[in-house]
Amino acid sequence: MTAAVFSQTVVRGEDGALSVGGCDVRDLAGEHGTPLYIVDEADMRARACAFRDEFAAAFGRHGAKVDVYYASKAFLSSKVARWMRADDLCMDVASGGELEIALRGGMPAARIGLHGNNKSDAELRRALEVGVGRIIVDSFTEIETLDAIARELGTTAPVLVRVTTGVHAGGHEYIATSHEDQKFGLSLASGAAFEALVACHDATGLDLRGIHTHIGSQILSLDAFQESAERMLGLRAAFRVEVGYDLPEVDLGGGYAIRYTPHGEELTPHDAAHGMAEAVAAAVAKVGGTWPHLSIEPGRAIAGPAGMTLYRVGVIKAVRIEDGGERRYVAVDGGMSDNMRTITYGAEYTATIASRLSEAEPVLSRVVGKHCESGDIVVRDVDLPADTARGDLLAVPATGAYGRVMASNYNAVLRPAVVAVRDGESEVLIRRDTLEDLFGWDVAPD
Ligand SMILES: Cc1ncc(COP(=O)(O)O)c(C=O)c1O
């Protein structure tokens, strides 16, 4: 079993079946059905706490404070918000809907940051009415709009300005977010970021708290983070010199890579914390001034490894391919509707038979879904036992992030449930769609 990729409480039992959080996957499948997202609660919370503690230690050595904002876009439910609150994390949300679920889970508004490159007036108004701790502004239009709404409400909006540092990082083009030619942020190079800071500083409805950047996702190299930190500290120093205001906060975003396959690598909280503290220390030494109050926004690195998806194997087909060879297709009862990362980003995953241990010869296989798309691939290439059979349970690890939150009802397929497991108990975090849900939005003809 590819131990390095499954969450910390996953073990293979004497009779060969996997268990997670003390729950046998066969029982979970029996009780909750398949496909099924399974969240290892202990693993997810341990990762959240590791970011909290490693960054507190690495920056604490320099007398600096760090807030960890769990990037809820990776995976969100109100129970998860409750866990993050209990573990003293904050949360970043990227829509009115995410804000409402975070509040429903009991995350104090003051510990919530609202993101978005095109926030609606209603989202901004609601954020001010509930008193979110910070709004990360992303355009001059938003600065004007938010200033007007805040003055109308007789309040001031705590803001950070999202900066495009020009650092190009992050796996796929669609998850790289700080090079010039993309939709997020205000450019450092063109001076737009500096101009926006001045605009926020002068706006009576805004309380300028600092600057934010997020350079991309699934980033392994510390260099990109260090370069980004240096450019952000440089901007802060320039603003201090020209405007005489020391921006209290610097948010360096998320993006820490996780391992998806046995040969994959990850950027651990420890390495990230110490690497980034080093970079900020060097930048402060270079540009002078005080240490800012730091914050980071890990999402994938907290939720990703803690989750797996459990499928039931259906049709198995061997097809002849161009080079005269053969490819074995193993179809499962889910697919791109519960994991769109393979088809969208060409993401790599691995898989294993979870309901039994097989000694049979490995056969290179492609795990595919049940959707009407030949691109409906879950795992592009993985060795599965030759005796893989209809009815077997198959587990795909590291699907905790950008899985359920991006799920769809394509082909009117019902989105799977999410259960959390811990100490032999399972708890539904998000229930499976029902036909009633489908009929709920399908308007029946008169
Ligand atoms: C602003 C912002 N912060 C944090 C994150 C979380 O990134 P990751 O899940 O890679 O840690 C994202 C992801 O897109 C983001 O856009």
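Since the structure is predicted, the reported quantities are computational estimates derived from the model, not experimental observations. (Residues numbered from 1 in each chain as written. Predicted model: local features only at pLDDT ≥ 70, side-chain atom pairs only at ≥ 80, totals over all residues. Heavy atoms only, no water.)

Asks: What is the right way to read the site of the ligand from this model?
Replies: Taken together, 15 residues surround the ligand, and among them Ser217, Gly255, Glu297, Arg300 and Tyr402 come closest. A distance of 2.3 Å is found between an oxygen atom of the ligand and a side-chain nitrogen or oxygen belonging to Ser217. The separation between an oxygen atom of the ligand and a polar main-chain atom of Arg300 is 2.8 Å. Across the complex, the protein chains shield 91% of the 390 Å² of accessible surface that the ligand would expose by itself. The residue inventory of the shell around the ligand, partitioned by class, reads 3 nonpolar, 7 polar and 5 charged. (Near = heavy atom within 4 Å. Polar contact = N/O pair within 3.5 Å; in protein donor to acceptor, adjacent residues only side chain to side chain. Areas by Shrake-Rupley, 256 points an atom, 1.4 Å probe, with all protein chains shown as cover. Nonpolar A, V, L, I, M, F, W, Y, C, P; charged D, E, K, R; others polar.)

Asks: Teacher, can you tell me more about unusual backbone geometry here?
Replies: The bulk of non-glycine residues show a negative phi, and the bulk of peptide bonds are trans. The residue after Thr34, namely Pro35, is reached through a cis peptide bond having omega -5°. If you trace the backbone, Pro35 turns up in the loop between helix H1 (25-32) and strand S4 (36-40). Of note, the phi angle at Ala398 is positive, near 60°, even though the residue is not glycine. The class for Ala398 is buried, based on a relative accessible area of 0%. (Helix = DSSP H or I, 4+ residues; strand = E, 2+ residues; numbered from the N terminus. Buried < 20%, exposed > 50% of the residue type's maximum accessible area, 1.4 Å probe, protein only.)

Asks: Just to check I follow, could you spell out the packing of helix H4 (residues 96-104) against helix H5 (residues 121-130) for this structure?
Replies: How two helices sit against one another is set out by the angle between their axes and by the gap between those axes. Relative to each other, H4 and H5 sit at 25°, their axes nearing to 10 Å. Taken together, the axes of H4 and H5 are roughly parallel relative to one another. Between H4 and H5 lies a crossing of left-handed hand. Contacts between H4 and H5 involve Gly96, Leu99, Glu100 and Leu103 from the former and Glu123, Arg126, Ala127 and Val130 from the latter. (Axes fitted to C-alpha atoms, helices over the stretch in contact; angles between N-to-C directions. Parallel < 35°, antiparallel > 145°, perpendicular 65-115°, else oblique. Left-handed = near helix turned anticlockwise from the far one by under 90°. Contact = heavy atoms within 4.5 Å.)

Asks: Quick question: what am I supposed to make of the sheet that holds strand S3 (residues 23-24) here?
Replies: Working definition: the strands of a sheet are paired by backbone hydrogen bonds and lie parallel or antiparallel to each other. Read from one edge to the other, the open sheet built from 3 strands follows the order S1-S2-S3, with strand pairing classed as antiparallel. Edge positions in the sheet fall to strand S1 (11-12) and S3, since each has one partner strand and no second. (Pairing = 2+ DSSP bridges.)

Asks: Looking at this structure, I do not really get the packing of aromatic side chains. What am I missing?
Replies: Working definition: an aromatic ring pair is given by the centre-to-centre distance plus the angle between the planes. Going through the model one piece at a time under the given rule, you end up with 9 aromatic pairs. Here Phe51 and Phe55 contribute two aromatic rings whose centre-to-centre distance is 6.1 Å and whose plane-to-plane angle is 20°, an arrangement assigned as stacked. Note that Phe51 and Phe55 are positioned in helix H2 (residues 41-60) at a spacing of 4 residues, about one turn of the helix. The two residues Phe51 and Phe55 agree in class, both being buried. Each residue in the set Phe51, Phe55, Phe59, Phe225, Tyr256 and Trp291 is aromatic and connected to the rest through ring pairs, giving one cluster. (Phe/Tyr/Trp six-rings, centres within 6.5 Å; stacked < 30°, edge-to-face > 60°.)

Asks: Would you mind showing me how to read the domain arrangement of the protein chain here?
Replies: Interfaces are often described in size by the accessible area the parts lose on coming together. Annotation of the protein chain at the domain level lists domain 1 (3-40 + 305-441) and domain 2 (64-297). Put simply, the middle of domain 1 and the middle of domain 2, counted by C-alpha atoms, are 34 Å apart. Counting residues at the interface gives 22 residues for domain 1, matched by 17 residues for domain 2. Interface of domain 1 and domain 2: buried area, both sides summed, is about 1,700 Å²; carbon and sulfur atoms make up 67% of it. The three residues of domain 1 that bury the most area against domain 2 are Tyr345, Tyr402 and Leu429, which together make up 27% of that side's buried surface. At the boundary of domain 1 with domain 2, the tally comes to 1 salt bridge. (Domains from an automatic or database assignment. Buried area = accessible area lost by both parts, 1.4 Å probe. Salt bridge = Lys/Arg side-chain N within 4 Å of Asp/Glu carboxyl O.)

Asks: How should I be thinking about the layout of surface pockets in this particular structure?
Replies: Empty space among the atoms can be located by rolling a probe the size of a water molecule over them. Counted as a void, the largest pocket has a volume near 590 Å³. Every residue lining the largest pocket is counted, 32 residues in all, and those nearest its centre are Lys73, Thr177, Phe184, His214 and Tyr402. Mapped onto the lining of the largest pocket, the elements with two or more residues apiece are helix H10 (300-303) and helix H11 (341-345). Residue composition of the lining of the largest pocket, by class: 10 nonpolar, 12 polar and 10 charged. Reported here for the second largest pocket is a volume of approximately 380 Å³. Forming the boundary of the second largest pocket are 23 residues, of which Ala351, Thr352, Val382, Asp383 and Leu384 lie nearest the centre. For the lining of the second largest pocket, the secondary-structure elements that each account for two or more residues are strand S16 (352-353) and strand S18 (377-385). Ranked by the residues each element gives to the lining of the second largest pocket, the list is headed by S18, at 6 residues. (1 Å grid on protein atoms, 1.4 Å probe; cavity = no way out; pocket = protein on both sides within 12 Å on 5 of 7 lines; lining within 4 Å. Points joined across faces, edges and corners; volume = space filled by probe spheres on them.)

Asks: How should I be thinking about the packing of H2 against helix H3 (residues 78-86) in this particular structure?
Replies: As a packed pair, H2 and H3 sit with axes 10 Å apart at the nearest point and diverge in direction by 45°. Judged by the inter-axis angle, H2 sits oblique to H3. Where H2 crosses over H3, the two elements pack in a sense that is right-handed. Along its contact with H2, which presents Glu41, Met44, Arg45 and Ala48, the element H3 presents Val80, Trp83, Met84 and Ala86.

Asks: Explain the pairing of strand S5 (residues 66-71) here, please?
Replies: It is a general feature of regular strands that their side chains alternate between the two faces of the sheet. Across the 6 residues that make up S5, a large majority, 5, are buried. When S5 meets strand S13 (residues 293-296), the two strands line up parallel, connected through 3 bridges. Counterpart to Val66 in the pairing with S13 is Leu294. Pairing analysis gives 3 bridges linking S5 to strand S6 (residues 90-93), with the strands arranged parallel. Paired with Ala71 across the bridge in S6 is Asp92. Taken together, S5, H3 and S6 constitute a β-α-β crossover, and its handedness is right-handed. (Right-handed = clockwise from strand over helix to strand, strands pointing away.)

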